[in-house]
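# Structural description and commentary
The primary structure of each chain is shown beneath.
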Amino acid sequence: MSKKLTFAKAIEEAMKEEMRLDENVLLLGQDVRQGGSWGTSAGILDEFGEERIFPLGINENGFSGMVTGLAMTGKRPIVEFMFGDFMLLAMDAIVDQAAKYVYQSGPEFNIPAVFRLAGSGIGGTFGLHHAQAPDSWLMPFPGIKVVTPATPNDAKGLMKAAIRDNNPVVFIEYKTVYGKMGDIIDTEPIEIGKAKVVREGNDVTVVTYGPGYYKCLGAIEKLEKEGIDVELIDLRTIKPLDMDTIVESITKTGKLVTVEDCCKTACVGSEIAARIAENYIEYLDGPIIRIAGEDTSIPAGRQNETMVVPNENDVINGVKKLL
Amino acid sequence: MDYPIKIVASTEKVNFNREEYGKSISSEKLLELYRNMVRTMEFDNTIEDLLLKGHDITQHNTRGQEATPIVATSFLTKDDYVMPYHRGWGWAIGKGMEPKRMLAELLNRTNGYNKGRAGAQLGDYELKVMGRPGIQAAHVPIAAGIGFTCKLNKESQVCLCMNGNGSSNAGNFYESLNLASTFKLPIVYIVENNLYEIFEPIEDTTPIKDIALRSVGAGMPGYIVDGNDTIMLHSVLKEAYDFARNGNGPILIESKTYRHKGHGNSDTLSYGGYRTKEEVDEWIKKDPILKLRNDLLILNVANEDELERITEDAKEEMREAAEFALSGDYPTKEQLITMNYVD
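Please read these numbers as outputs of a predicted model, since none were measured by experiment.

## Topic: the overall build of chain B
Along chain B, the regular secondary structure elements total 14 helices and 8 strands. Its C-alpha radius of gyration of 19 Å places chain B within 12% of the 20 Å reference for a compact globule of 343 residues. Projected onto its principal axes, the C-alpha coordinates of chain B cover approximately 55 × 50 × 40 Å. Counting every position in chain B, which comprises 343 residues, the buried fraction comes to 52%. In chain B, 75% of the contacts between residues at least 6 apart in sequence involve partners at least 24 apart.

## Details of the interface of chain A and chain B
Taken together, the contact pairs 31 residues of chain A with 31 residues of chain B. Sorting the residues of the side of chain A that touches chain B by element identifies helix 3 (60–71) and helix 4 (91–105) of chain A as the ones contributing at least two each. Looking at the side of chain A that touches chain B, the element that brings in the most residues is helix 3 of chain A, giving 9 residues. Along the lines of polarity and charge, the residues of the side of chain A that touches chain B split into 11 nonpolar, 16 polar and 4 charged.

## Side note on the packing of helix 3 of chain A against helix 6 (residues 139–153) of chain B
In contact at an axis separation of 6 Å, helix 3 of chain A and helix 6 of chain B are set at 45° when each is read in the N-to-C sense. Of the possible angle classes, the one that applies to helix 3 of chain A and helix 6 of chain B is oblique. Handedness of the crossing formed by helix 3 of chain A with helix 6 of chain B: right-handed. Counting all contacts with helix 3 of chain A, which are made through Asn61, Gly62, Gly65, Met66, Val67, Thr68, Gly69 and Leu70 of chain A, the residues of helix 6 of chain B involved are Pro141, Ile142, Ala143, Ala144, Gly145, Ile146, Phe148 and Thr149 of chain B. Among the residues making up the contact of helix 3 of chain A with helix 6 of chain B, the classes are represented as 9 nonpolar, 7 polar and no charged.

## Side note on the sheet that holds strand 6 (residues 145–147) of chain A
All names here are of chain A. Strands sit in the order 3-2-4-5-7-6-12 across an open sheet of 7 strands; the sheet is mixed. Sheet topology places strand 3 (53–55) and strand 12 (237–239) at the edges, where each strand pairs with a single neighbour. The mean angle between the axes of side-by-side strands here comes to 20°, regardless of whether they run parallel or antiparallel. Across 2 bridges, strand 6 lies against strand 12 in antiparallel orientation. In the sheet register, valine 147 faces strand 12, and the bridge partner there is threonine 237. Sheet strands in contact with helix 5 (residues 152–164) are strand 2 (25–29), strand 4 (76–81), strand 5 (114–120), strand 6 and strand 7 (169–174), and its direction is about 155° off that of strand 7.

## A closer look at the domain arrangement of chain A
Many analyses report the size of an interface as the accessible area lost when the parts associate. All names here are of chain A. Per the domain assignment, the segments making up chain A are domain 1 (3–184) and domain 2 (196–321). Measuring from the centre of the C-alpha atoms in domain 1 to the corresponding centre in domain 2 gives 26 Å. For the side of domain 1 that touches domain 2, the secondary structure elements donating two or more residues are strand 6, helix 5 and strand 7. The element contributing the most residues to the side of domain 1 that touches domain 2 is strand 6, with 3 residues.

## With respect to the sheet that holds strand 10 (residues 204–208) of chain A
Hydrogen bonds between backbone groups are what pair the strands of a sheet, and the pairing can be parallel or antiparallel. Residues and elements named next belong to chain A. Across the sheet, 5 strands lie side by side as 9-11-10-13-14; this open sheet has mixed pairing. Of all the strands in the sheet, the pair left with one neighbour each is strand 9 (196–199) and strand 14 (288–293). Each neighbouring strand pair of the sheet contributes to a mean axis angle of 25°, computed without reference to strand direction. Where strand 10 lies against strand 13 (residues 256–263), 4 bridges are found, and the strand directions are parallel. Counted as the bridge partner of threonine 205 is leucine 256 from strand 13. Packing against the sheet, helix 10 (residues 312–321) makes contact with strand 10, strand 11 (230–234), strand 13 and strand 14, and its axis sits at approximately 165° to strand 14.

## Points about the environment of glycine 123 of chain A
Residues and elements named next belong to chain A. Its place among the elements puts glycine 123 in the loop between strand 5 and strand 6. Spatially, the C-alpha atoms of glycine 123 and valine 198 are 24 Å apart, while their sequence positions differ by 75 residues. Beyond its immediate stretch of four places on either side in the chain, glycine 123 contacts Lys175 and Thr176.

## A closer look at the nonpolar core
Formed by 187 residues in total, the largest nonpolar core has its most connected members in Ile187 and Ile253 of chain B. In terms of domain composition, this core takes at least three residues from each of domain 1 (3–184) and domain 2 (196–321) of chain A. Setting aside residues up to four positions removed in sequence, isoleucine 187 of chain B forms contacts with Ala143, Ala144, Gly147, Val158, Cys159, Cys161, Ala180, Ala244 and Pro250 of chain B.

## What to know about helix 4 of chain A
In a regular helix each residue adds 1.5 Å, so 15 residues correspond to 21 Å; helix 4 of chain A covers 20 Å between its end C-alpha atoms and thus fits that length. Burial runs high along helix 4 of chain A: 12 of the 15 residues are buried. Taken as a whole, helix 4 of chain A has its buried residues at Ala93, Ile94, Val95, Gln97, Ala98, Ala99, Lys100, Tyr101, Val102, Tyr103, Gln104 and Ser105 of chain A. At its buried positions, helix 4 of chain A is contacted by helix 3, strand 5 and strand 7 of chain A together with helix 6 of chain B. Note on helix 4 of chain A: the residue one or two positions beyond its end, glycine 106 of chain A, has a positive phi of about 125°.

## Digging into the confidence of the model for chain B
Scored by pLDDT, chain B comes out at a mean of 94, with 96% of its residues at no less than 70. Reported for the predicted complex are a pTM of 0.96 and an ipTM of 0.95.

## Notes on the environment of leucine 160 of chain B
Mapping leucine 160 of chain B onto the fold places it in strand 3 (residues 159–164). Beyond its immediate sequence surroundings of up to four residues, leucine 160 of chain B is in contact with Ala72, Thr73, Leu76, Asp80, Tyr81, Val82 and Val188 of chain B.

## With respect to helix 8 (residues 268–279) of chain A
All names here are of chain A. In a regular helix each residue adds 1.5 Å, so 12 residues correspond to 16 Å; helix 8 covers 17 Å between its end C-alpha atoms and thus fits that length. Those residues of helix 8 that sit buried are Val268, Gly269, Ile272 and Ile276. Considered in projection along helix 8, the buried side chains sweep an arc of 95° and stay on one side of the axis. Of the exposed residues in helix 8, the ones pointing more than 90 degrees away from its buried face are Ala274 and Glu278. In the core, the buried residues of helix 8 are packed alongside strand 10, strand 12, helix 7 (243–253), strand 13 and strand 14.

## Points about unusual backbone geometry
At the junction of glycine 106 of chain A and proline 107 of chain A, the peptide bond is cis and its omega measures out at 0° in the coordinates. Phi at alanine 266 of chain A is positive, roughly 55°, even though this residue is not glycine. Within the secondary structure, alanine 266 of chain A sits in the loop between strand 13 and helix 8. You will see that leucine 195 of chain B, though not glycine, has its phi angle at about 75°, which is positive. Mapped onto the fold, leucine 195 of chain B is located in the loop between strand 4 (187–193) and strand 5 (196–197).

## Considering the packing of helix 2 (residues 27–52) of chain B against helix 12 (residues 288–298) of chain B
Residues and elements named next belong to chain B. Interaxial distance between helix 2 and helix 12 falls to 10 Å at its minimum, and their mutual angle equals 150°. With respect to helix 12, the element helix 2 is oriented roughly antiparallel. Read as a crossing pair, helix 2 and helix 12 show a hand that is left-handed. Only Pro288, Ile289, Leu292 and Leu296 of helix 12 make contact with helix 2, whose side of the interface consists of Leu30, Leu33, Tyr34, Met37, Val38 and Met41.

The rules behind the values
- Residues numbered from 1 in each chain as written.
- Chains lettered and ligands numbered in written order.
- Predicted model: local features only at pLDDT ≥ 70, side-chain atom pairs only at ≥ 80, totals over all residues.
- Helix = DSSP H or I, 4+ residues; strand = E, 2+ residues; numbered from the N terminus.
- Rg over C-alpha atoms; globule rule 2.2 N^0.38 Å.
- Buried ≥ 20, exposed ≤ 12 C-beta atoms within 10 Å, placed from the backbone.
- Contact = placed C-beta atoms within 7 Å.
- Nonpolar A, V, L, I, M, F, W, Y, C, P; charged D, E, K, R; others polar.
- Axes fitted to C-alpha atoms, helices over the stretch in contact; angles between N-to-C directions.
- Parallel < 35°, antiparallel > 145°, perpendicular 65-115°, else oblique.
- Left-handed = near helix turned anticlockwise from the far one by under 90°.
- Pairing = 2+ DSSP bridges.
- Domains from an automatic or database assignment.
- Core = buried A, V, L, I, M, F, W, Y, C linked by C-beta atoms within 7 Å.
- Expected span 1.5 Å × (residues − 1).
- pLDDT = per-residue confidence, 0-100.
- Arc of directions from axis to C-beta.

Listed below in structure tokens is the structure:
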């Protein structure tokens, strides 16, 4: 029988299960000993102690390099960033160091590190430097995997897979998703790099991930009432991109909409659109629609920040453009 | 302050009985240090020779700075780690890497340590030489993580982290020292201060003369030592490793030294350009290999003929290494675009 958990609790459960299985799994991060900034490590210090759970201060690039060093010498560190935006401070350590050791070593080194971008996207009151969608920033760099789950079940299964992966994995957690409740069905890790067809449909393919997933669910329900049959794909991982699942879907629907919170320029949807346009344009009978964030800085305040990322209506309008 | 800077033996202030200490080091050890310094020098000469013959090879000449990395690595066991830096090759030769596979790597051939893809970023996981990043100072926090593993393993392992004075200006350097000192990690940080940051004199980039001062802000001991004096280096580093291995946390050693040659392939201004010829000539007189050679003769560790044979052997080894390296193939495109990930 499956049980229900929030997204945040699913991450906590995955980390605890993997820490019980392998003593080399460590958790480091700002406030993790106090339960974590987003409530994903409650009780973890009590269970695993000060030899496994380490506090970090304000030195993101430094501690990301340190995590890389731990990973290359046999440990399996998980590091929590308080906000996804703070990864920008650590881009060199993640995408230029951790990501390259496998390649530069021949490959001799494993880099089994998980960089958790906690508190990503809008959903606070902070704006500007605490509310950005970081996913597309990571798309160009070889050597890392980028996981972006939407449901508690996928969060748990993909976190377990990320911890067991021998490559650096960036795991993106959205503020607006932490509280989502869902059934935990899988007990084993979920393969990184596999999208999921959430709903089968014949009229339009909608591809999304993370917070976009919930906007699409709402939109699809309304579109269904109007007789529009959407096929919904949750990417779950944006690097590597599961193009096979997308291609299979558009051969049926001939129409493609992508939905995400990243700024529209060079967003995740841009890469999907380019790959489809380059190789599969004959399957399409209309333009590719990208529903993405405005090309703007994120303003402060809950009310203001919702104005610059897509909502349910934007998804509905995007789908209707193709019909 | 918890740890005042300790000037053990600087170029300005010498309070050290070197002859007495020299006698306390075994003849075998002294000869091994000398041999590895000469091998490093001949390795660099071979790179220069290959460059002059038109081969595509990166040069970060060690000449003049051999003593520090060779002495520093001589204290490491097979379980200890080296996080290298970009000045020269003493750390690799000192830890036991094979010149032939290093040259092959530097010539980007598949018979190199890392299948020709790493070049100057070469490393050897088996020997625990961790392959530096090509970004200056990016390696310093990684060394903190390696030191963290050493501490968690509880087997008195240490990590040696090599640096230049230039990289000590980077935020990464301070972040690493801060982390290592906070977690009391067994790391010996060495900064070779060769007075230049590529073409720039240290006073143009750095507001202090002694990099060891940077240990104070990180709450760890800092030592200053004459980096061209093998015997003094041995004495200071012995103390440093004892400190780190015994659970006291990290330590920072500044080694005052000088590079005789230019920074890299394109540096044609190192003699009489951004440095005066007089300054370079003064430092050449303080050559660490010459100094150790004299010590070995004075201490009766070896005679002229024996020392000459070490040089001849090193030359022969490097000739064969170059032959091996040049016999290697370049990787195929297929090999170069795969293996960004491991299973």
